[in-house]
Amino acid sequence: GGHTDSVGAVAFSCYGALCATGGLDGLVRVWDSDSGALKRSLEGPSDVEWLSWHSKGNVLLCGSSDGTVWMWLATTGACMQVFAGHEGAVTCGLFTPDGRAVVTGGADATVRLWAPKKGTCKHVFSGHGFHEGGVTCLAAHPLYDATGAAAEAAGSGDAEHSLVVSGGEDGLVKLMHVGAKKVVAS
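First things first, this report covers the structure right here in the doc. (Residues numbered from 1 in each chain as written. Predicted model: local features only at pLDDT ≥ 70, side-chain atom pairs only at ≥ 80, totals over all residues. Heavy atoms only, no water.)

### As for the overall build of the protein chain
Piece 1. Looking only at helices and strands, the protein chain features zero helices and 16 strands.
Piece 2. When burial is assessed residue by residue, the protein chain has 49% of its 186 residues classed as buried.
Piece 3. If you take every contact in the protein chain between residues at least 6 apart in sequence, the share linking residues at least 24 apart comes to 39%.
Piece 4. When the accessible area of the protein chain is evaluated, it comes to approximately 8,500 Å², of which 52% is carbon and sulfur surface. (Helix = DSSP H or I, 4+ residues; strand = E, 2+ residues; numbered from the N terminus. Buried < 20%, exposed > 50% of the residue type's maximum accessible area, 1.4 Å probe, protein only. Contact = heavy atoms within 4.5 Å. Areas by Shrake-Rupley, 256 points an atom, 1.4 Å probe, with all protein chains shown as cover.)

### Let's talk about the sheet that holds strand β7 (residues 68-73)
Piece 1. Spatial strand order, β5-β6-β7-β8: four strands in an open sheet with antiparallel pairing. Because the sheet does not close on itself, it has two edges, and the strands there are β5 (50-53) and β8 (78-84). If you compare each strand with its neighbour and ignore which way they point, the axes differ by 20° on average.
Piece 2. Where strand β6 (residues 59-63) meets β7, five bridges bridge the pair, whose relative direction is antiparallel. Counterpart to leucine 60 in the pairing with β7 is tryptophan 72. (Pairing = 2+ DSSP bridges. Axes fitted to C-alpha atoms, helices over the stretch in contact; angles between N-to-C directions.)

### With respect to the pairing of β8
Piece 1. Bridge analysis of β7 against β8 gives six bridges, and the strand direction is antiparallel. Bridge pairing links threonine 68 to alanine 84 in β8.
Piece 2. Between β7 and the antiparallel strand that follows it, β8, lie four residues; glycine 77 among them carries a positive phi value of about 85°.

### Focus on the pairing of strand β15 (residues 173-177)
Piece 1. Both strand β14 (residues 163-168) and β15 contribute to a ladder of five bridges, which runs antiparallel. By the bridge assignment for β15, serine 166 is matched with lysine 174.
Piece 2. Two successive antiparallel strands, β14 and β15, enclose a turn made up of four residues, where glycine 171 displays a positive phi of approximately 80°.
Piece 3. Bridging between β15 and strand β16 (residues 182-185) involves three bridges; their strand directions are antiparallel. Its bridge partner lying in β16, histidine 177 is registered against lysine 182.
Piece 4. The loop that links β15 with its antiparallel partner β16 comprises four residues; one of these, lysine 181, has a positive phi angle of about 55°.

### Focus on the nonpolar core
Side chains of nonpolar character tend, in soluble globular proteins, to be buried together.
Piece 1. Grouped together as the largest cluster of nonpolar side chains are 15 residues, with contacts concentrated most on Val28, Val30, Leu51, Trp53 and Leu60.
Piece 2. When contributions to this core are tallied by element, the ones reaching two or more residues are β1 (7-12), β2 (18-23), β3 (27-32), β5, β6 and β7.
Piece 3. When near neighbours in sequence (up to four residues on either side) are disregarded, leucine 60 contacts Ala20, Val28, Val30, Leu42, Leu51, Ser52, Trp53, Trp70, Met71 and Trp72.
Piece 4. Leu94, Ala101, Leu113 and Val164 belong to the second largest nonpolar core, which has 13 residues in total. (Core = buried A, V, L, I, M, F, W, Y, C linked by side-chain atoms within 4.5 Å.)

### Points about the packing of aromatic side chains
Piece 1. Tallying each qualifying case throughout the model produces three aromatic pairs.
Piece 2. Look at tryptophan 70 and tryptophan 72: their rings are 6.0 Å apart centre to centre, the planes differ by 20°, and that puts the pair in the stacked class. When sorted by exposure, tryptophan 70 lands in the same class as tryptophan 72, which is buried.
Piece 3. Relative to tryptophan 114, the ring of phenylalanine 83 has its centre 5.3 Å away and its plane inclined at 55°; by these criteria the two rings are tilted. Placement of the pair is phenylalanine 83 in strand β8 and tryptophan 114 in strand β11 (residues 111-115), with a sequence separation of 31 residues. (Phe/Tyr/Trp six-rings, centres within 6.5 Å; stacked < 30°, edge-to-face > 60°.)

### Quick look at the environment of valine 30
Piece 1. Looking at the secondary structure, you find valine 30 in strand β3.
Piece 2. Relative accessible area serves as the criterion here: at 1%, valine 30 is assigned to the buried category.
Piece 3. Residues valine 30 and valine 10, 20 residues apart in the sequence, show an inter-C-alpha distance of 9.8 Å.
Piece 4. With near-sequence residues (within four places) excluded, valine 30 lies in contact with Leu18, Cys19, Ala20, Ala37, Leu38, Lys39, Arg40, Leu42, Trp53, Leu60 and Ala74.

If you want it as structure tokens, here you go:
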């Protein structure tokens, strides 16, 4: 319970202690995973397209159809950042595995790389040779390191060397090297 419209996004925090739900009512609710008790209600976006937790903490991202991405400290409810720049719905997003960058995809056929602390857009993947329709999904390689090989220990990659893959309405898949800010495969 707790939402007044359809719930379109759910996600567990990195250690599983919290669960977030997002609805078309524009609310993000944070729940205690063990008891099911409502811990916090977060307001801001017009509706919630997706949710993603930071890999090492209680920071929560949420994308909206109004072109914004919201970032909260879920334990206090403090809004840490609002990212704006997509020209349409932000349909997917995530933190890079080390948590030092945010990557979002949108109905505007772009993938954007953000600096989470500053809230600034560091790069936009778009244009000729990129997606010709909306971006529908993103995933980050969990163990990619600076040498280009899969690392043996979790968390050894960093944002400057992360690989992110996107899928789009155009039926294409794009592999991006975030540090080099270029598409490396299609």
